[in-house]
Every structure is written in structure tokens, then in C-alpha cells.
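Chain and residue survey
Chain by chain, the residues run as shown.
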Amino acid sequence: MPRVVKVAATQLEITRDPEENLELFENWYFCQEQKGEYFDWAKPLEESKPVQRLSKLAKELGVVLPVSFFERVNNAHFNSLAMIDADGSVLGVYHKSHIPDGPGYQEKFYFSPGDTGFKVWDTKFGRLGAGICWDQWFPETARSLALMGAEVLFYPTAIGGEPEDPSYNSYPHWTRTMLGHAAANLVPVVASNRIGTETWAKSSITFYGGSFISGQRGEVLAQVGAKELKGGNLHPNPDKVEGFVVHAFDLDQCRTNRLGWGVFRDRRPELYTPLVTLDGSLKHHSLSA
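Okay, so let's go over this structure. This structure is a prediction, so every number in the text was calculated from the model and none was measured.

Quick look at the side chain of Thr157
In this structure, Thr157 sits in the loop between strand E9 (152–156) and helix H3 (171–185). Among the residues examined, Thr157 registers a relative accessible area of 3% and is labelled buried. Side-chain polar atoms of Thr157 contact the backbone oxygen of Tyr155, separated by 2.9 Å. The residues touching Thr157, leaving out its near neighbours within four places in the chain, are Cys133, Gln136, Trp174, Ser192, Asn193 and Arg194.

Here's the deal with the nonpolar core
Formed by 23 residues in total, the largest nonpolar core has its most connected members in Val7, Met83, Phe154, Val190 and Ile213. Here this core gets three residues from one element, more than from any other, and that element is strand E1 (residues 4–13). Non-local contacts of Met83, meaning those with residues more than four positions away in its chain, are made with Val64, Leu65, Pro66, Ser89, Val90, Leu91, Gly92, Trp121, Thr123, Leu128 and Ala130. Ranked by size, the runner-up nonpolar core spans 21 residues in total, among them Trp174, Ala182, Val187 and Tyr208.

Let's talk about the state of the cysteines
For the coordinates displayed, the defined rule picks out zero disulfides. No disulfide involves Cys31; its sulfur sits 9.4 Å from that of Cys133, the nearest cysteine.

Looking at unusual backbone geometry
Although it is not a glycine, Asn74 adopts a positive phi angle of roughly 55°. Within the fold, Asn74 resides in the loop between strand E2 (65–73) and strand E3 (76–84). A residue is classified by how much of its surface remains accessible, and Asn74, at 68% relative accessible area, is exposed. Non-glycine residue Leu186 carries a positive phi angle of around 50°. Locating Leu186 in the fold gives a position in the loop between H3 and strand E10 (189–199). Overall, the relative accessible area of 4% leaves Leu186 in the buried class.

Quick notes on the pattern of salt bridges
In total, this model carries nine salt bridges according to the counting rule given. In this structure, Arg127 and Asp122 form a salt bridge, with 2.8 Å as the shortest nitrogen-oxygen distance. Since its relative accessible area comes to 25%, Arg127 is described here as partly exposed. Overall, Asp122 belongs to the exposed group, its relative accessible area being 54%. One connected set of salt bridges, linked through shared partners, spans Arg3, Glu151 and Asp252.

Structural notes on the pairing of strand E7 (residues 120–123)
Pairing geometry for E7 and strand E8 (residues 126–130), over four bridges, is antiparallel. Residue pairing across strands places Val120 opposite Gly129, the latter belonging to E8. Hairpin geometry of E7 and E8 is characterised by an intervening segment of two residues between the two adjacent antiparallel strands.

Describing the pairing of strand E4 (residues 90–95)
Side-chain positions along a regular strand alternate between the two faces of the sheet. Across five bridges, E3 lies against E4 in antiparallel orientation. Note on E4: the bridge partner recorded for Leu81 is Tyr94.

Quick word on the packing of aromatic side chains
Applying the stated criterion across every chain yields a total of 22 aromatic pairs. Plain terms: the ring middles of Tyr29 and Tyr105 are 5.6 Å apart, the flat faces sit at 50° to each other, and that makes the pair tilted. Separated by 76 residues along the polypeptide, Tyr29 in the loop between E1 and helix H1 (49–61) and Tyr105 in strand E6 (residues 105–106) bring together distant segments of the chain. Put simply, the rings of Trp28, Phe30, Tyr38, Phe39, Trp41, Phe70, Phe109, Tyr110, Phe111 and Trp200 touch in pairs and so form one group of aromatic residues. Over the ring of Trp28 we find Arg16, and its NZ or CZ is 4.8 Å from the ring centre. One residue, Arg194, lies across the ring of Phe207, its end atom 5.4 Å from the ring centre.

Criteria and thresholds
- Residues numbered from 1 in each chain as written.
- Predicted model: local features only at pLDDT ≥ 70, side-chain atom pairs only at ≥ 80, totals over all residues.
- Heavy atoms only, no water.
- Helix = DSSP H or I, 4+ residues; strand = E, 2+ residues; numbered from the N terminus.
- Buried < 20%, exposed > 50% of the residue type's maximum accessible area, 1.4 Å probe, protein only.
- Polar contact = N/O pair within 3.5 Å; in protein donor to acceptor, adjacent residues only side chain to side chain.
- Contact = heavy atoms within 4.5 Å.
- Core = buried A, V, L, I, M, F, W, Y, C linked by side-chain atoms within 4.5 Å.
- Disulfide = S-S within 2.5 Å.
- Salt bridge = Lys/Arg side-chain N within 4 Å of Asp/Glu carboxyl O.
- Pairing = 2+ DSSP bridges.
- Phe/Tyr/Trp six-rings, centres within 6.5 Å; stacked < 30°, edge-to-face > 60°.
- Lys NZ or Arg CZ within 6 Å of the ring centre and 35° of its normal.

Written out as C-alpha cells, the structure reads:
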């Protein structure tokens, strides 16, 4: 019997009232500035309101939810994601691996580098993998999750313009990167972004929206705010509206398609040593060397 699973990409505007928000960090994207008091917003997993509230919702609706939250573990702080199964149980937590640092995106001030490694989970509906925001720019993330058996990749995101150059638009680059992950790994990709303008004391970001669902060949199947989609391409300027899109995948058929291409059969891991170095050296220098 086919395993047909329906996935959804969401999109909303975040307010300053945490009780109204059920998404990333419960609040505006505070990494636009560096203030020690924002560390108080981090909570242990067991005390995280987004995780608690969405665990109840997942159980009520019988759905699987990847939930981002700001996590405190003793003296460490992580940009984290809890994978909540359809019975409301937390299957595990992923700590974001790649931490950006630049104007308007000063995450290294708040977050320790992730220490969980990449994670996939066996949920009620399939084996799912997830990265967080900046992780989505790295092909190593997507390939690792696919090698670990992920059948769908999820990327909760907060990306918008550049505070120092509002005219620069990275939306096309952002979307093409993730479509490449889908095509290279023959795995569907689901990306959820926010909309709205969030202005702090010295920085302001207008978020792109453009949340979408991609098929396993990198074709766009659904996008929030897109009036129409042509030839499997993303809309170049989707409306910045709240909403969601859904699409159903036959995961068994996706697996058959993936295996038929042979890209995992024909891999040559012994040739990929430069990927585990910072400088592309052919000889891997371990930390103990």
C-alpha cells in the first residue's frame, strides 16, 4: 500500500506578543542586535512554551511538527528544533550546526555551535530530516540528512533583506539553493519563512516570505503568495501574505525514483576527504594531530 503523506509549508508575520506566536523564538528576530537580556528568553526543553503548546496541538490533530525554539542547556544556548510526533511526544532535539554572523544576523552572540550532529527521526508518517535557517545554505546538511535516510527535508527559516543594503535581494539565491538540495538528493524539500518588517534600535529587516514545497527533482509544487507557478519555477515576487500550502507525496514512489537515478549508488566517499577539512586539503588533519 502506498505511503502517501501530506506536508505543509507555513508563513506568518511575527508580532512582539509571544502568546500570539507559535513559531521561531516566539518573538521578532532579536539577533539583529546584541543585548544580554535576550538570553532570558531561552528556556530548557521541558519549559519551552512553543514545544509544550505544539505538542498538544500535534496530538490533537494527529500531525508531525518540527518546532523551533530558543533553548538553554546549563550555560549553553542553542538555536534548536524539537521534532514532535503525531502523538505529541518529542522524538528528539536538533541544535543548529551553522551559526551566521553578519549585519542584522548576529547569531554567534547568542548561540553555541550545534553539538547534536544532523538528525533524522522515524515519525508516524515517515523518516524526516530538518535543518534550521542558515543550515539550508550548506549542501553538506542536505546530503547528510539524505544519507541518514530522510525522506523529506524541512527548513524553518527567518530570512529577509540586508539591513546595510536594503536594495540587495537574496530571495532568488536562497530559493535556488534549496531547490538544488532537492534535485541533488532526490528528496522533497519544505521551507517555511516569515513575512513582515521587524525594526530594532539600529537595524531593520523585511522578511521575504516565499514559503514553498519542492518535489524531489527541484520543481516547485506549491508556494505561499504565488498567483501562479510556471514550469516548476518559483514565483519571482510572491505576495507577502500569511497562509500555508500543502502537497501530498507518495514516499515509496519517491524512493523508487531516487534509487533509479543511482546518485547514492555511485557515490565515492573515499574521494571526498577535502569536504572534512576547512581548507580543502587532501590530507585530513584531525584535532589531535
